Amino acid sequence: MHGVVTLKARREFLRIRGGRRYSSDAFLLEGKLRADDQAIAGQDADKAKPSQIAVGPRFGLTITKKIGNAVTRNRIRRRLKSALSAQLVASDPVLNCDYVIVARKAAEHKPFAELVDDLKRAISHVNRALLQRDGGRK
């Protein structure tokens, strides 16, 4: 993902559970503001390396085995990553926020332009909900 910071550890994905959600036929987007960069590093800020402290939004992608075989899942993953990269050029995600995209089967055959539009709409919806709930902080 060109210039996109990704979630890697299971605990990072689990932390986002219960966040603000947006559902489409191709994916589910869930987002949550990070309390602070210390929580991301999992340690005190004094001990954290600068490369461990996340700047800006981070994204995780989940595709379950229920969707299909490895070839199908990888095709969906590549399409969603590409749509996310294209969408990030055109929008402004909330800083200090983590997002998880849970893919659905429809993501495999949905026209690419619609996938990008859905991602734009989803991120915008989640951002509005996060900012309303958390008092407008960024």
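Residues numbered from 1 in each chain as written. Predicted model: local features only at pLDDT ≥ 70, side-chain atom pairs only at ≥ 80, totals over all residues. Heavy atoms only, no water.

**Description of the overall build of the protein**
Then, number 1: Across its full length, the protein holds four helices and five strands.
Then, number 2: Walking the protein from its N terminus toward its C terminus, one meets helices and strands in the order β-α-β-β-α-β-α-β-α.
Then, number 3: Pairs at least 24 apart in sequence give 76% of the contacts found in the protein among residues at least 6 apart.
Then, number 4: Accessible area for the protein stands at about 7,700 Å²; split by element, carbon and sulfur atoms hold 51% of it. (Helix = DSSP H or I, 4+ residues; strand = E, 2+ residues; numbered from the N terminus. Contact = heavy atoms within 4.5 Å. Areas by Shrake-Rupley, 256 points an atom, 1.4 Å probe, with all protein chains shown as cover.)

**Details of the nonpolar core**
Then, number 1: Counting residues in hydrophobic clusters, the biggest one holds 26 residues, and the most contacted among them are F27, L29, I76, L80, L84, Y99 and I101.
Then, number 2: It is helix α4 (residues 112–133) that provides the largest number of residues to this core, a total of seven residues. (Core = buried A, V, L, I, M, F, W, Y, C linked by side-chain atoms within 4.5 Å. Buried < 20%, exposed > 50% of the residue type's maximum accessible area, 1.4 Å probe, protein only.)

**Considering the pairing of strand β3 (residues 27–33)**
Then, number 1: Burial analysis of β3 places six of its seven residues in the buried class, the great majority of the element.
Then, number 2: In the sheet, strand β2 (residues 20–23) pairs with β3 via four bridges, with the strands oriented antiparallel. Paired with S23 across the two strands is L28, which belongs to β3.
Then, number 3: Count of turn residues in the β2/β3 antiparallel hairpin: three residues. (Pairing = 2+ DSSP bridges.)

**Brief notes about the environment of V126**
Then, number 1: In this structure, V126 sits in helix α4.
Then, number 2: Look at V126 and you get buried, because its relative accessible area is 0%.
Then, number 3: In the structure, V126 is positioned 33 residues away from P93 in sequence and 9.6 Å away in space, judged by C-alpha atoms.
Then, number 4: Filtering out sequence-adjacent residues up to four positions away, V126 remains in contact with R20, R21, Y22, L29, G31 and Y99.

**A word on the packing of aromatic side chains**
Then, number 1: Following the criterion strictly, the structure yields one aromatic pair and no others.
Then, number 2: Plain terms: the ring middles of F59 and Y99 are 4.9 Å apart, the flat faces sit at 15° to each other, and that makes the pair stacked. Within this pair, whereas F59 is found in strand β4 (residues 58–62), its partner Y99 is found in strand β5 (residues 97–103), the two being separated by 40 residues in sequence.
Then, number 3: By relative accessible area, which is 1% here, F59 ends up buried. (Phe/Tyr/Trp six-rings, centres within 6.5 Å; stacked < 30°, edge-to-face > 60°.)

**Observations regarding the environment of R75**
Then, number 1: Along the chain, the position of R75 falls in helix α3 (residues 70–90).
Then, number 2: Its relative accessible area of 34% is what places R75 among the partly exposed residues.
Then, number 3: In this structure, the C-alpha to C-alpha distance between R75 and A107, residues 32 residues apart in sequence, is 9.3 Å.

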